[in-house]
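One-letter residues, chain by chain:
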Amino acid sequence: MKSNKPTVPRKTDLPAGPRPWLYAVAACVALLAVLEAYQPALHGPFLFDDLYLPFQLPELIQAPLSHWLQQTRPFLMFTFWVNLRVFGPDPYYFHLFNVLSHFINGVLVYLIARRLLYKVGVEGWSLVLQAGFAAGVFLFHPVQTESVAYVASRSETLSVLFFYAAFALFLYRREAAVSWRVAAAVVFLFAGAALTKEHTAVLPALLLLTDYYWNPGFSFDGIKRNWRLYLPIAAAGAAGLAFVWKVLRAADTAGFAVAGLPWHDYLYTQGRAIWVYLRMFVLPVGLNLDHDFAISRSLLDHGAVIGLAALVALAAAAFWLRRKYPLASYGILVFLLLLAPTSSFIPIKDPLVERRMYLPMIGLVLVVADVARRMRLSRVALAWIGAGILVTAGAATRVRNHVWSGAIPLWEDSVAKSPRHYRPHFQLAYAYFQAGRCEEAVRQYELASRFTGKNHSLLVDWALACDCAGQPEMAVEKLQEANKLERTAHAYALIGMIYGKRARRTEAEAALDEAEKIDPSFAKTYVYRGNLQVSQGEYAAAAGNFRRALSLDPADEDAAAGLAVARRNLKIAY
């Protein structure tokens, strides 16, 4: 008869490790290394969705803290508010916050890995080195770059900080049964994670899996003992899931309202995407902000059935071999579990995104740690091999961060890797336009139009690039195409602006009149009309139009500058 005793040794107290000053030195070295690896992006600008974050919105910049906390993800909003109030809109400090959060997460990974390695019999300096290697992989893996270098991904690094802190506290409790004090602290940290990003609602499932594996080992006894934790966390989790469900039903980029992406197609697609994530962990090449990843519209499309079947086999094998390879088995299941909120059946507009690996990365790190502890090499040899891997990873991360140092290198990289994808071409065109490289912008807009067709937004931006490149007739043609798709004050006002700059007053006035008819509240119409009148010496009329523009948009710098010019010339005239 088989014994029910666990094969994994039960250990509750860690032995004394190196002296505290050695930990302090190691932490300082690791922090400096992380700052060096992320240095190129630290000094970079806001990129892509960063430009649409709340601290970029005029109505929020001067708003009180209470207004910020009423937004979705209040903990995240609080950190943005602090950044803005203490350091202003300087992107460096927004990036620095992300990097420091990432470093703290690395420390938490060290603590988590150390505790779990000890449970499988690793002790002494081997325990310190192997846990340190696990943390180093987390800190310096190139695939982490998007989560850390991208300010819009602060929701990842900050939510994971709360998540890992709750998990570490759970692991380091003094008694096998969770006390009320520990339960309250875990629930508080869980709330912080969920109020920063919704995918961390998976924490209760991780704790249940952990209790089954390690308390005391492949048994449900630990779960029963920890009722003090699971009752309140179930209540908090239910409330959180209800909120997440409400968000998912209403959102247009994530959830069940995403156009053209039913849940079953997303599930088929993720059967392939998860294997790409695993490949990127083992071989981090082809990293890309905007992957061109095809949707599987059936089980047979793009081999989705093979990917899904292989995932089921992987999970089954991990569970089957849980007694022989407990840490690796646990790591695989943790990876799949923590990836599930974003990579299962809940549709998200972009099917493959590297930052989704940030939370579940710890599962793969534990698998690596288990492989390392089983290698029959001396401690010195393992230390040198580990150091070589981390140095190589850090160098690759720094190279990747150069890509994130500006909009042009970021989107040039994406265009090179997704040459038939619309968005990289569109974003690169806009980056070129912003940099004054207008002819290159025109070329990229033309390429973008090949992969999505011509839409209103594309045609308007394309027209601006043409005008900048000295192609006014082409610019007007694009704007007229845009108006055929949708008549807007913006497009007609731009036609008036282009004609006005070329002294074609009749056409300019006709276009501006049409813009005013379509939307009398569009401020730029009056700015362009004012500019036209200034060019004709009609300063009084121009001043009136500039004032009207400012009444509609007090932050319009062009209107303010135009009004100053008109007033100055009026004084000279009189």
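Report follows, based on the coordinates. Keep in mind that this is a model prediction, so the values were computed, not measured. (Residues numbered from 1 in each chain as written. Predicted model: local features only at pLDDT ≥ 70, side-chain atom pairs only at ≥ 80, totals over all residues. Heavy atoms only, no water.)

### Considering the overall build of the protein chain
Here is the rule we go by: Strands here mean DSSP runs of E at least two residues long; helices mean DSSP runs of H or I at least four residues long; both are numbered from the N terminus. Buried residues are those whose accessible area, probed at 1.4 Å on protein chains only, stays under 20% of the maximum for their type, while exposed residues exceed 50% and partly exposed ones sit between those limits. The criterion used for residue contact is that any of the two residues' heavy atoms lie within 4.5 Å. All accessible-area figures derive from a Shrake-Rupley calculation using a 1.4 Å probe, and residue coverage is judged against the displayed protein chains alone. The convention is simple: Lys and Arg are positive, Asp and Glu are negative, and His and the chain ends are not counted. For this purpose, a charge sits on NZ of Lys, CZ of Arg, CG of Asp or CD of Glu.
In terms of regular secondary structure, the protein chain is built from 28 helices and 0 strands. If one aligns the C-alpha atoms of the protein chain with their principal axes, the spans along those axes are about 100 × 50 × 45 Å. Counting the 574 residues in the protein chain, one finds 50% classified as buried. Taking the contacts inside the protein chain whose residues are at least 6 apart along the sequence as the reference set, 70% of them involve residues at least 24 apart. Put simply, the protein chain shows about 26600 Å² of open surface, and 63% of that area lies on carbon and sulfur atoms. For the protein chain, the distance from the average position of its 57 positive side-chain charges to the average position of its 43 negative side-chain charges is 13 Å.

### Examining the packing of helix H24 (residues 489-501) against helix H26 (residues 523-535)
Applicable threshold: Axis definition: a line fitted to C-alpha atoms, limited for helices to the stretch in contact. Angles are taken between N-to-C directions and run from 0 to 180 degrees. Under this scheme an angle from 65 to 115 degrees is roughly perpendicular, one under 35 degrees roughly parallel, and one over 145 degrees roughly antiparallel; angles in between are oblique. With the far helix as reference, a near helix turned anticlockwise by less than a right angle produces a left-handed crossing, and one turned clockwise produces a right-handed crossing. Charged residues are taken to be Asp, Glu, Lys and Arg, nonpolar residues to be Ala, Val, Leu, Ile, Met, Phe, Trp, Tyr, Cys and Pro, and polar residues to be all remaining types, Gly included.
Across the interface, H24 lies against H26 with an axial gap of 9 Å and an inter-helix angle of 15 degrees. Taken together, the axes of H24 and H26 lie roughly parallel to each other. For the crossing formed where H24 meets H26, the hand is left-handed. Every residue of H26 that contacts H24 at Ala493, Leu494, Met497 and Gly500 is listed here: Thr525, Tyr528 and Leu532. Considered class by class, the residues forming the contact of H24 with H26 number 5 nonpolar, 2 polar and no charged.

### Here we look at the state of the cysteines
Here is the rule we go by: The disulfide criterion used throughout: a pair of cysteine sulfur atoms within 2.5 Å.
In this structure the tally under the stated criterion is 1 disulfide. Note that cysteine 438 is cross-linked by a disulfide to cysteine 468, the S-S spacing being 1.7 Å. Judged by the torsion about the S-S bond (45 degrees), the cysteine 438/cysteine 468 disulfide is right-handed. Here cysteine 468 lies in helix H22 (residues 456-468) and cysteine 438 lies in helix H21 (residues 438-452), a separation of 30 residues in the sequence. Overall, cysteine 468 belongs to the partly exposed group, its relative accessible area being 40%. Cysteine 438 provides the cysteine sulfur closest to cysteine 466, a residue in no disulfide bond, and the two sulfurs are 9.7 Å apart. On the basis of relative accessible area, cysteine 466 is assigned to the buried category, the value being 0%.

### Side note on the nonpolar core
For the record, the criterion: Definition of nonpolar core: a set of buried residues of the types Ala, Val, Leu, Ile, Met, Phe, Trp, Tyr and Cys, connected through side-chain atoms within 4.5 Å.
Among the nonpolar cores identified, the biggest contains 104 residues, and Tyr164, Leu229 and Tyr330 are the most heavily contacted of them. It is helix H6 (residues 91-119) that provides the largest number of residues to this core, a total of 12 residues. With sequence-adjacent residues up to four places away left out, leucine 229 is seen in contact with Phe170, Val178, Ala183, Val186, Val187 and Leu207.

### Examining a nonpolar patch on the surface
The condition that has to hold: A patch consists of residues exposed above 30% relative accessible area that lack any salt bridge, with like charges linked at up to 9 Å and nonpolar side chains (Val, Leu, Ile, Met, Phe, Trp, Tyr) linked at up to 5 Å. The rule for a salt bridge is simple: a side-chain nitrogen of Lys or Arg has to be within 4 Å of a carboxyl oxygen of Asp or Glu.
Where nonpolar side chains cluster on the molecular surface, the patch consists of Trp21, Leu22, Val25, Val29, Trp125 and Leu129 and spans about 570 Å² of accessible area. Secondary structure elements with two or more residues in the nonpolar patch: helix H1 (20-37) and helix H7 (124-140). Looking at which element gives the most residues to the nonpolar patch, the answer is H1, with 4 residues.

### Things to note about unusual backbone geometry
Between asparagine 215 and proline 216 the backbone carries a cis peptide bond, its omega angle lying at 5 degrees. If you trace the backbone, proline 216 turns up in the loop between helix H11 (203-214) and helix H12 (221-225). Even without glycine at this site, arginine 73 takes up a positive phi of about 60 degrees. Considering the arrangement of structural elements, one finds arginine 73 in the loop between helix H4 (65-69) and helix H5 (74-87). Its relative accessible area of 24% is what places arginine 73 among the partly exposed residues. Of note in the backbone geometry, alanine 503 takes a positive phi value of approximately 60 degrees without being a glycine. Within the secondary structure, alanine 503 is located in the loop between H24 and helix H25 (505-518).

### A word on the pattern of salt bridges
Here the structure, examined in full by the defined rule, presents 29 salt bridges. Across the salt bridge formed by lysine 417 and aspartate 413, the nearest N and O atoms sit 2.9 Å from each other. With lysine 417 and aspartate 413 both in helix H19 (residues 407-417) and 4 residues apart, this pair spans about one turn of that helix. Between glutamate 481 and lysine 454 there is a salt bridge, with its nearest N and O atoms 3.4 Å apart. In this pair, glutamate 481 sits in helix H23 (residues 472-485) while lysine 454 sits in the loop between H21 and H22, placing the two residues 27 residues apart along the sequence. Look at glutamate 481 and you get partly exposed, because its relative accessible area is 22%.

### Remarks on the packing of aromatic side chains
Put simply, the test is: Only Phe, Tyr and Trp rings are paired, with Trp represented by its six-membered ring, and only when their centres lie within 6.5 Å; those with planes under 30 degrees apart are stacked, over 60 edge-to-face, the remainder tilted. Sitting over a ring, as applied to charges here, requires NZ of Lys or CZ of Arg to be within 6 Å of the ring centre and within 35 degrees of the ring normal.
All chains considered together, the criterion is met by 26 aromatic pairs. Between phenylalanine 55 and phenylalanine 94 the ring centres are 4.3 Å apart and the planes differ by 35 degrees, which places this aromatic pair in the tilted class. Within this pair, whereas phenylalanine 55 is found in the loop between helix H2 (39-42) and helix H3 (58-61), its partner phenylalanine 94 is found in helix H6, the two being separated by 39 residues in sequence. Exposure remark for phenylalanine 55: the relative accessible area of 3% places this residue in the buried category. Members of the aromatic cluster, connected to one another through ring pairs, are Tyr212, Tyr213, Trp214, Phe218, Phe220, Phe319 and Tyr330. Of note, arginine 173 hangs over the ring of phenylalanine 170, and the distance from its end group to the ring centre comes to 4.3 Å.

### Here's the deal with helix H18 (residues 379-403)
Condition: One fewer than the residue count of a helix, multiplied by 1.5 Å, yields its expected span.
Given a rise of 1.5 Å per residue, 25 residues ought to cover 36 Å, and the 36 Å separating the end C-alpha atoms of H18 matches this to within 8%. For H18, the complete set of buried residues consists of Gly386, Leu390, Ala393, Gly394, Thr397, Arg400, Asn401 and Val403. Looking at the buried positions of H18, the neighbouring elements they touch are H1, H2, H7, helix H8 (145-149) and H19.

### Quick notes on the environment of leucine 428
Following the sequence through the fold, leucine 428 ends up in helix H20 (residues 422-434). The exposure class assigned to leucine 428 is buried, which follows from its relative accessible area of 2%. Separated by 112 residues in the primary sequence, leucine 428 and alanine 540 have C-alpha atoms spaced 41 Å apart.

### Details of the environment of leucine 321
Looking at the element boundaries, leucine 321 is found in the loop between helix H15 (304-320) and helix H16 (326-339). Taking the relative accessible area as the measure of exposure, leucine 321 reaches 35% and is therefore partly exposed. As for leucine 321 and glutamate 486, which are separated by 165 residues in sequence, their C-alpha atoms are 61 Å apart. Not counting residues within four places of it along the chain, the set of residues in contact with leucine 321 comprises Pro326 and Ser329.

### Observations regarding the packing of H24 against H25
Running from amino to carboxyl end, H24 crosses H25 at an angle of 160 degrees, the nearest separation of the two axes being 8 Å. With respect to H25, the axis of H24 lies roughly antiparallel. Like other packed secondary-structure pairs, H24 and H25 cross with a definite hand, here left-handed. Within the contact between the two elements, H24 uses Ala489, Tyr492, Ala493, Ile495, Gly496, Tyr499 and Gly500 and H25 uses Glu507, Ala508, Ala511, Leu512, Glu514, Ala515 and Ile518.

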